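Listed below are the residues making up each chain.
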Amino acid sequence: MPLFGKKDKKKENPAQQVKTVLSQNETSYFGKNLIIKGRVSGNGDIIILGGLEGEFDLRGRVKIAQPAKIKGEVKADVISVNGNVEGKLAAKQRLHLDQTARIEGEISTPRLSITEGASFNGEVTMSGRVTKESGAAAVGAKPAHQKEGAPEPRQK
Amino acid sequence: MQKVKTADSTSLVSQNVRIEGEIQGPENLHVEGYIKGAVALSGNIFVGNTGIVEADLEAKSIIIQGEVTGNVKAHQQLEIHPSGKLIGDCTAGSIDIKEGAVFEGRSMMIKKREASAMPHLQTSKGSGKHHQTKEKTKP
């Protein structure tokens, strides 16, 4: 007969608890083999290397890395693109197209940067209302963009 | 970056992220957020403590620590931890349900060899209770 105390001890593996706590604030990561059809929403940062057909609606940063292929709409605070996008990109704060980005569609953002080498066919709307939110965020945001031309380190 | 059949990378859906739709591909998936729809992977699925899944799952092995509502198919192993909850039918090569886990539904085992030779095995039903891993037919 197991003792009660013993059972309680066994209940949770502390290592797993720690892991969970860590992953709460972790960046979501969609690997290059993952194909998602549908809608992704919520808070937090996302790095996507796989395929998405549908909609991203996120409060946080989205990084669309090189092998990624996206068809649909992406809305987020900050968007950084290295991959392929067909559809709409809407950033509330800023949007960056890196060397390897290939975009076909519409972009709307208050602040835009495009690195030489990026391919962009479409239309840009720069929303004039750079709100307090985006101003404050720009200050508090990560130490600026990567320098133009320098590919982001997380690649490959 | 060549294409590999086996799942070599693990995707993470963190706590505040929701996915509604279909997910597929040769990947491992770690869910701490919310998923609704269907997930079919050739890798493993790990539903963490904060993970809530309302979807049919199919994968090589599935480990549940959070909540899953839907039908689950694990080609190798299904594991439900004490904090885990599975509402729905499961099909698995082997099952490991820890004390404290919640499982409501039917359970069917995948026979390694005679799955096709003895189709009547597939029809066995467990009403509310799960089968033991070692379920065997009469000699």
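Residues numbered from 1 in each chain as written. Chains lettered and ligands numbered in written order. Predicted model: local features only at pLDDT ≥ 70, side-chain atom pairs only at ≥ 80, totals over all residues.

Caption draft 1: Quick peek at the overall build of chain B. Helix and strand counts for chain B come out as zero helices and 12 strands. Of the regular secondary structure in chain B, the N- to C-terminal order runs β-β-β-β-β-β-β-β-β-β-β-β. By residue count, 42% of the 139 residues in chain B fall in the buried class. Here the contacts in chain B between residues at least 6 apart in sequence split such that 7% fall between residues at least 24 apart. (Helix = DSSP H or I, 4+ residues; strand = E, 2+ residues; numbered from the N terminus. Buried ≥ 20, exposed ≤ 12 C-beta atoms within 10 Å, placed from the backbone. Contact = placed C-beta atoms within 7 Å.)

Caption draft 2: Broad picture of the overall build of chain A. Across its full length, chain A carries three helices and 10 strands. Per-residue burial over chain A gives 35% buried out of 156 residues.

Caption draft 3: Fine view of the confidence of the model for chain A. Confidence in the prediction of chain A, expressed as mean pLDDT, is 77, and 65% of residues score 70 or more. Contacts for the low-pLDDT stretch residues 7-23 of chain A, under 50 throughout, to residues beyond four places or in other chains number 12 contacts. (pLDDT = per-residue confidence, 0-100.)

Caption draft 4: Focus on the interface of chain A and chain B. Taken together, the contact pairs 28 residues of chain A with 29 residues of chain B. Among the residues making up the side of chain A that touches chain B, the classes are represented as eight nonpolar, 14 polar and six charged. Strand direction decides the pairing type here: strand β2 (residues 35-43) of chain A and strand β2 (residues 17-25) of chain B, joined by eight bridges, are antiparallel. Counterpart to V40(A) in the pairing with β2(B) is I19(B). (Nonpolar A, V, L, I, M, F, W, Y, C, P; charged D, E, K, R; others polar. Pairing = 2+ DSSP bridges.)

Caption draft 5: Highlighting the nonpolar core. Membership of the largest hydrophobic core comes to 63 residues, with the highest contact counts inside it found for I79(A), I45(B), L57(B) and I62(B). When residues in this core are grouped by element, the largest group, seven residues, is from strand β6 (residues 52-64) of chain B. (Core = buried A, V, L, I, M, F, W, Y, C linked by C-beta atoms within 7 Å.)

Caption draft 6: Seen up close, the pairing of strand β3 (residues 28-31) of chain B. Residue and element names in this part refer to chain B. Side chains N28 and H30 of β3 all project onto a buried face; the interleaved residues L29 and V31 project onto the opposite face, where all are buried too. Of the pairings in the sheet, the one linking β3 to strand β5 (residues 45-47) comprises three bridges and is parallel in character. Among the inter-strand pairings, V31 is bridged to a residue of β5, identified as V47.

Caption draft 7: Representation of the confidence of the model for chain B in the model. Residue and element names in this part refer to chain B. Across chain B, the average pLDDT comes to 82, with 76% of residues at 70 or higher. For residues 114-139, every residue scores under 50 in pLDDT, and the model assigns this stretch 18 contacts once sequence neighbours within four places are set aside. With a pTM of 0.71, the predicted complex shows an ipTM of 0.72.

Caption draft 8: Here's a closer look at the pairing of strand β4 (residues 34-41) of chain B. All names here are of chain B. Sheet topology note: the β2/β4 ladder contains eight bridges and is parallel. Within β4, the residue paired with E20 across the bridge is K36. Alignment of β4 against β6, held across seven bridges, turns out to be parallel. The residue of β6 that forms the bridge with A40 is E58.

Caption draft 9: Spatial organisation of the environment of A55(B). Residues and elements named next belong to chain B. As for its position among the elements, A55 is in strand β6. Overall, the presence of 25 C-beta atoms within 10 Å leaves A55 in the buried class. Contacts of A55, omitting those with residues within four sequence positions, involve I35, K36, G37, A38, V39 and G70.

Caption draft 10: The environment of N71(B), seen in detail. In this structure, N71(B) sits in the loop between β7 (67-69) and β8 (72-80). Spatially, the C-alpha atoms of N71(B) and T91(B) are 8.1 Å apart, while their sequence positions differ by 20 residues.

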